[in-house]
Amino acid sequence: MAKVIVVYESKYGNTKLVAETIVEGMREVEGIEAVVSEVKQVDLKKIPDYDAILVGSPNHIGGPTGGIKEFIDRLGELPLEGKLFAVFDTYMADMGKDFEKTAKKMEKRIGEKVPGSKLAAPGLSIRVDGMKGPISEGELPKCKEFGNRIATQLKA
Ligand SMILES: Cc1cc2nc3c(=O)[nH]c(=O)nc-3n(C[C@H](O)[C@H](O)[C@H](O)COP(=O)(O)O)c2cc1C
């Protein structure tokens, strides 16, 4: 059984829905145990029990939230050599130039803080229609597919 944890922060619920939909996609793959957790609820000591760690944040002024930055920094204190990581973000439609900005920053931070970490897939960037959402049309299927693809890869 491969174990995955999806950790997110979400002010208005959109990034939470992305996290839950990614997990839905993962659970379609047999032999995958996937759980989702809000960043403030995570038990850091348990993180090394997982084979893959996914981290998601809304774009807040071009980068991840403070809670997610702190979480990534604390991962650096854990034995996570060889673990798989993937990131996702949500960003606002009328700030389209911010596509993937937060995901890229999270990937960079993970690379710097967690020695020996590997990326399971390039980051996923999901558009929302306004500050409070909702998630733009056509975006949710990408989340399910992202989860499914990473889970399939984990089993290989
Ligand atoms: C303080 C703050 C700053 C934001 N800055 C940006 C930004 O620079 N670029 C952008 O595309 N969206 C920005 N947004 C919009 C968020 O990306 C959007 O609210 C978020 O994706 C919704 O996710 P959530 O429901 O999980 O909170 C900002 C939102 C907040 C609350």
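Computed from a predicted structure; not experimentally measured.

Definitions and cut-offs
- Residues numbered from 1 in each chain as written.
- Predicted model: local features only at pLDDT ≥ 70, side-chain atom pairs only at ≥ 80, totals over all residues.
- Heavy atoms only, no water.
- Axes fitted to C-alpha atoms, helices over the stretch in contact; angles between N-to-C directions.
- Helix = DSSP H or I, 4+ residues; strand = E, 2+ residues; numbered from the N terminus.
- Parallel < 35°, antiparallel > 145°, perpendicular 65-115°, else oblique.
- Left-handed = near helix turned anticlockwise from the far one by under 90°.
- Contact = heavy atoms within 4.5 Å.
- Nonpolar A, V, L, I, M, F, W, Y, C, P; charged D, E, K, R; others polar.
- Near = heavy atom within 4 Å.
- Polar contact = N/O pair within 3.5 Å; in protein donor to acceptor, adjacent residues only side chain to side chain.
- Areas by Shrake-Rupley, 256 points an atom, 1.4 Å probe, with all protein chains shown as cover.
- Core = buried A, V, L, I, M, F, W, Y, C linked by side-chain atoms within 4.5 Å.
- Buried < 20%, exposed > 50% of the residue type's maximum accessible area, 1.4 Å probe, protein only.
- Phe/Tyr/Trp six-rings, centres within 6.5 Å; stacked < 30°, edge-to-face > 60°.
- Lys NZ or Arg CZ within 6 Å of the ring centre and 35° of its normal.
- Salt bridge = Lys/Arg side-chain N within 4 Å of Asp/Glu carboxyl O.
- Pairing = 2+ DSSP bridges.

Draft legend 1. How the structure looks around the packing of helix 1 (residues 14-27) against helix 4 (residues 140-155). Contact pair helix 1 / helix 4: the axes reach a minimum separation of 7 Å and the direction vectors enclose 45 degrees. By the angle between their directions, the pair helix 1 and helix 4 is classed as oblique. Our pair here, helix 1 against helix 4, has a crossing hand that is right-handed. On the side of helix 1, the interface is formed by Leu-17, Val-18, Thr-21, Ile-22, Glu-24, Gly-25 and Met-26, while helix 4 contributes Leu-140, Cys-143, Lys-144, Phe-146, Gly-147, Asn-148, Ile-150 and Ala-151. Here the contact of helix 1 with helix 4 is built from residues that sort into nine nonpolar, four polar and two charged.

Draft legend 2. Up close: the site of the ligand. Near the ligand, the surroundings consist of 18 residues, among which Ser-10, Thr-15, Thr-90, Asp-98 and Met-131 are the closest. One nitrogen or oxygen atom from the main chain of Lys-11 is found 2.8 Å from an oxygen atom belonging to the ligand. Within the complex, the protein chains bury 89% of what would otherwise be the 640 Å² of accessible surface of the ligand. Where the shell around the ligand is concerned, the elements lending two or more residues are helix 1 and strand 4 (84-92).

Draft legend 3. Representation of the nonpolar core. Val-4, Ile-22, Met-26, Ile-32, Leu-54 and Phe-88 are the most contacted members of the largest nonpolar core, which totals 29 residues. Elements supplying a minimum of two residues to this core: strand 1 (2-8), helix 1, strand 2 (32-38), strand 3 (52-58), strand 4, strand 6 (124-128) and helix 4. Among residues more than four places away in sequence, those in contact with Met-26 are Val-4, Ile-32, Ala-34, Leu-54, Gly-147, Asn-148, Ile-150 and Ala-151. Val-7, Leu-78, Met-106 and Val-114 belong to the second-largest nonpolar core, a separate cluster that totals 21 residues.

Draft legend 4. Quick look at the packing of aromatic side chains. Applying the stated criterion to the full structure yields one aromatic pair. With a centroid separation of 5.6 Å and 75 degrees between ring planes, the pair formed by Tyr-91 and Phe-99 is classed as edge-to-face. Note on Tyr-91: relative accessible area 8%, which makes it buried. Here the guanidinium or amino end of Lys-3 rests over the ring plane of Tyr-50, the centre of that ring lying 5.1 Å away.

Draft legend 5. Examining the environment of Pro-134 more closely. Its location among the elements puts Pro-134 in the loop between strand 6 and helix 4. Separated by 85 residues in sequence, Pro-134 and Asp-49 have C-alpha atoms that sit 34 Å apart. Excluding anything up to four places from it in sequence, Pro-134 contacts Asn-14, Val-128 and Asp-129.

Draft legend 6. Representation of the pattern of salt bridges within the structure. Enumeration over the complete set of coordinates arrives at 13 salt bridges. With a shortest N-O distance of 3.0 Å, Glu-20 and Lys-16 are connected by a salt bridge. Placement of the pair is Glu-20 and Lys-16 together in helix 1, with a separation of four residues, close to one helical turn. Between Lys-104 and Glu-100 there is a salt bridge whose closest N-O contact spans 3.6 Å.

Draft legend 7. Representation of the side chain of Thr-15 in the model. Checked against the element boundaries, Thr-15 lands in helix 1. Among the residues examined, Thr-15 registers a relative accessible area of 2% and is labelled buried. There is a polar contact of 2.9 Å between the side chain of Thr-15 and the side chain of Thr-90. If we skip the residues at most four places from it in the chain, Thr-15 touches Tyr-8, Glu-9, Ser-10, Gly-56, Ser-57, Pro-58, Phe-88 and Thr-90.

Draft legend 8. View of the pairing of strand 1. Burial of strand 1 is extensive: six of the seven residues sit out of reach of the surface. Of the pairings in the sheet, the one linking strand 1 to strand 3 comprises five bridges and is parallel in character. Directly across from Val-6, in strand 3, lies its bridge partner Leu-54.

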